[in-house]
Amino acid sequence: MAGIEAVVFDFGNVLIKWNPEEWYDARIGREAREKLFAEVPLEEMNLRSDRGEHLADLVAETAAQHPEHADNIRAWHDNWIEMAQPDIPHSAVLLRALRAKGVPTFALSNFGIPTLALADVAYPVLTEFDRRFISGELRTIKPEPEIYIHVEEGTGVAPEALLFTDDRPENIEAARARGWQVHLFEGPQGLADRLVAEGLLTPEEAAA
């Protein structure tokens, strides 16, 4: 297996939490949240935002189509940053340790442009990459092959020399299919162990 030359990080649930279901559960209760998510295509709305459409416009459109849920739909926009929390400090330690050792680090994330601007302010760690590949800018999302091609061409790193960590199996498998080395993120300690096993960090450098 080729040596790893660069590490590629997802954002949501790798460097910061993303759990809108939990946010709604805390405010309207699980039963009401399940009804909301069953009747309103919130995930589809969010994916359209990830492709580059403006979230405020999408929320207004969706609220007009589902007036009985309008307040809760508008909350997706108005309270978005509260759904994207907290950060995952150990993951930030790993990113910064890699950078301190001169390992190129890249971001590959499904993210809308206005919401990323909010997240960048709240979590400056998201800006600490050699280069970021953001779906809203590229108008293609994981796990579509095109977004991985952007990374390969933009970094100049061979697929087999990229190590990609993401919390979604379908995104990992799409990268694996292109020859990338991959790590399914289930927690920062697992990623720390992988980086140590690959010789990129020492156990001390990878410690929380």
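Overview of the structure. (Residues numbered from 1 in each chain as written. Predicted model: local features only at pLDDT ≥ 70, side-chain atom pairs only at ≥ 80, totals over all residues. Heavy atoms only, no water.)

What about the packing of aromatic side chains?
Summed over the entire model, instances satisfying the criterion amount to 14 aromatic pairs. Seen from their ring centres, Trp18 and Trp76 are 5.8 Å apart, and the 75° between their planes marks the pair as edge-to-face. Of this pair, Trp18 sits in the loop between strand S1 (6–9) and helix H1 (20–28) while Trp76 sits in helix H5 (residues 70–78), placing them 58 residues apart in sequence. Its relative accessible area of 2% is what places Trp76 among the buried residues. Joined through ring pairs, the aromatic side chains of Phe9, Phe11, Trp18, Trp23, Tyr24, Phe37, Trp76, Trp80, Phe111 and Phe129 make up one cluster. Directly above the ring of Phe37 sits Arg33, whose terminal nitrogen or CZ lies 5.7 Å from the centroid. (Phe/Tyr/Trp six-rings, centres within 6.5 Å; stacked < 30°, edge-to-face > 60°. Helix = DSSP H or I, 4+ residues; strand = E, 2+ residues; numbered from the N terminus. Buried < 20%, exposed > 50% of the residue type's maximum accessible area, 1.4 Å probe, protein only. Lys NZ or Arg CZ within 6 Å of the ring centre and 35° of its normal.)

Structural notes on helix H7 (residues 89–100)
With 12 residues, H7 should cover 16 Å at 1.5 Å per step; its first-to-last C-alpha distance of 16 Å lies within 8% of that length. Among the residues of H7, those classed as buried are His90, Ser91, Ala92, Leu94, Leu95, Ala97 and Leu98. In this fold, the buried residues of H7 make contact with S1, strand S2 (105–109) and helix H12 (188–197). At the exit of H7 stands Gly102, carrying a positive phi of roughly 80°. (Expected span 1.5 Å × (residues − 1). Contact = heavy atoms within 4.5 Å.)

A short note on the packing of helix H4 (residues 55–65) against H5
At a minimum axis separation of 9 Å, H4 and H5 run at an interaxial angle of 170°. Relative to H5, the element H4 lies roughly antiparallel. Contacts from Leu55, Ala56, Val59, Thr62 and Ala63 of H4 reach H5 at Ala70, Ile73, Arg74, Trp76 and His77. Considered class by class, the residues forming the contact of H4 with H5 number 7 nonpolar, 2 polar and 1 charged. (Axes fitted to C-alpha atoms, helices over the stretch in contact; angles between N-to-C directions. Parallel < 35°, antiparallel > 145°, perpendicular 65-115°, else oblique. Nonpolar A, V, L, I, M, F, W, Y, C, P; charged D, E, K, R; others polar.)

Thoughts on helix H3 (residues 42–50)
For H3, the set of buried residues is Leu42, Met45, Asn46, Ser49 and Asp50. When H3 is viewed along its axis, its buried side chains cluster within an angular range of 145° and face the same direction. Along its buried surface, H3 packs onto helix H2 (30–39), H4, H5 and helix H9 (135–138). Gly52 lies just past H3 and shows a positive phi near 120°. (Arc of directions from axis to C-beta.)

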